[in-house]
Amino acid sequence: MSNYLNTTHDVYKEAALTPDVGLCCTTNPIWELPGLKIPKIMQEMNYGCGSTVHARDLTNNPKMLYVGVGGGMELLQFSYFNREKNGVIGIDVVDEMLEASRKNFKEAEAQNPWFKSEFVDLKKGDALNLPVPDNSIDVAAQNCLFNIFKTDDLKKAIAEMYRVLKPHGKLVMSDPTCEQTMNDTLRNDDRLRALCLSGSLPIAEYVKMLTDAGFGTIEIRARKPYRILDPNHYPTEELIYIESIEVAAIKDPMPADGPCIFTGKAAIYYGDQDFFDDNAGHVLVQNQPLAICDKTAGDLAKLNRNDIYISESTFHYDGGGCC
C-alpha cells in the first residue's frame, strides 16, 4: 500500500480497537425499523457521513455488497431486507475492523431475534481489488470511504464497483464534498485524508468520476453540512466548508447524448393547456412538478417558452420523474 493508505489503515485499526464516536459521522438519524434494534456499540462505530440504506433500493431480496464495514451497523440494516445466509457481503482491509464487526453481530443477535450472523459474509479484501465475481451484486454501497482515495485509486475503486454490479444495479454512496480549492498542504496530509476531510472533491468532479466509469444514471439524493476547516485548527488561510452528499450511481447503459444526472431539478408547466408534450418523452401536466435530469432541464430551457418553469438544483432527489 502507498503511504496514505497505510495511514488510513492505522487510523481505522485504532478506531476498531477503541471506538471513536466523533471520528467522521454526522448527526444522521439511525434507522429504527420495526423489529430492528441497533446495538449501542454499532452506533458508536458508525464511521460514515450519511446513510446508504434506502428501502426503495432493497426490494426483492437483493444481493448486497458493503465495502468498509465499520462497526457493522449498515450491514445489519442491509440484512434486515435480505434475511438469507450470505445475502450481504462485507469487505474490509482492516483485520481489527472485521473482528469488531463479528463481535458486534453477536450483540445484534441478542437484540434482534430475526438476525443471524450468517446473513453477513465478512471478507478480508481491498476496495481496489474486490474479491467478488463480475455482475453478481444488485446493490453495492460505501460510506465515507471513496473520498479518502487519491485520483488513480479512486478510479480503480469505482471501476471495481462497476465490475461487480449486475446490469441496472446500484452503487449507493455517501462522501464528503467541497466546492472550494484546498491547498497542497491539506491535500497531502495523509491523516486528514484518512479522517475524511482533505480528500473531498467538488460534486461535479465526483460525479464525472462515476460517469467516466460507465454509470449511465446518477441520482444526488441529499446534500448537507458536514465540517469546517478553520485557520485556527488546520493549515489553511481561509475557512473551508465541507458538505456530505448521498448519491446513487446506476449501471444503466450510457445514453448516446450523455449520462442522466439528477440534481433535484423540476419542471412546472403553467400554460393554458392540460399538459405540454415536448415529443421527446416528457409530458408536463399543468401545474404538476416533474422531476427532470439536468440534461432534460437544459433541453426544455432551450425551447424558450414563457409557460415552463425550471427550478434550480435542490440536490435532493427521491425518484420519479423522467429523463
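Residues numbered from 1 in each chain as written. Predicted model: local features only at pLDDT ≥ 70, side-chain atom pairs only at ≥ 80, totals over all residues. Heavy atoms only, no water.

So, the packing of helix 1 (residues 3-17) against helix 4 (residues 95-111)
- One can describe the packing of helix 1 onto helix 4 by two numbers: an axis separation of 8 Å at closest approach and a directional angle of 25°. Judged on the interaxial angle alone, helix 4 and helix 1 are roughly parallel. Of the two possible hands of crossing, helix 1 and helix 4 adopt the one that is left-handed. For the pair formed by helix 1 and helix 4, the contact residues are Tyr12, Lys13, Ala15, Ala16 and Leu17 on the first element and Glu96, Met97 and Ala100 on the second.
- Taken together, the residues of the contact of helix 1 with helix 4 sort by class into six nonpolar, no polar and two charged. (Axes fitted to C-alpha atoms, helices over the stretch in contact; angles between N-to-C directions. Helix = DSSP H or I, 4+ residues; strand = E, 2+ residues; numbered from the N terminus. Parallel < 35°, antiparallel > 145°, perpendicular 65-115°, else oblique. Left-handed = near helix turned anticlockwise from the far one by under 90°. Contact = heavy atoms within 4.5 Å. Nonpolar A, V, L, I, M, F, W, Y, C, P; charged D, E, K, R; others polar.)

Some remarks on the side chain of aspartate 175
- Locating aspartate 175 in the fold gives a position in strand 5 (residues 165-177).
- In this structure, aspartate 175 is buried with no salt-bridge partner, the nearest side chain bearing the opposite charge being arginine 193 at 10 Å.
- A polar side-chain atom of aspartate 175 sits 2.7 Å from a polar atom in the side chain of tyrosine 206.
- Other than its neighbours up to four places away in sequence, aspartate 175 contacts Cys49, Gln142, Cys144, Leu145, Phe146, Asn147, Tyr206, Glu243, Ser244 and Ile245. (Buried < 20%, exposed > 50% of the residue type's maximum accessible area, 1.4 Å probe, protein only. Lys, Arg positive; Asp, Glu negative; His and termini not counted. Salt bridge = Lys/Arg side-chain N within 4 Å of Asp/Glu carboxyl O. Polar contact = N/O pair within 3.5 Å; in protein donor to acceptor, adjacent residues only side chain to side chain.)

A closer look at the state of the cysteines
- Inspection of the entire model under this criterion finds zero disulfides.
- Between cysteine 196, a cysteine without a disulfide, and cysteine 144, which holds the nearest cysteine sulfur, the sulfur-to-sulfur distance is 3.3 Å.
- The class for cysteine 196 is buried, based on a relative accessible area of 0%. (Disulfide = S-S within 2.5 Å.)

Notes on unusual backbone geometry
- Non-glycine residue asparagine 60 carries a positive phi angle of around 60°.
- As for its placement among the helices and strands, asparagine 60 is situated in the loop between helix 2 (40-44) and strand 1 (64-67).
- Look at phenylalanine 315: it is not a glycine, yet its phi comes out positive at around 55°.
- Examined against the element boundaries, phenylalanine 315 turns out to sit in the segment after strand 13 (308-310).
- Owing to a relative accessible area of 19%, phenylalanine 315 belongs among the buried residues under this scheme.

Interpretation in functional terms is not warranted from these geometric data alone.
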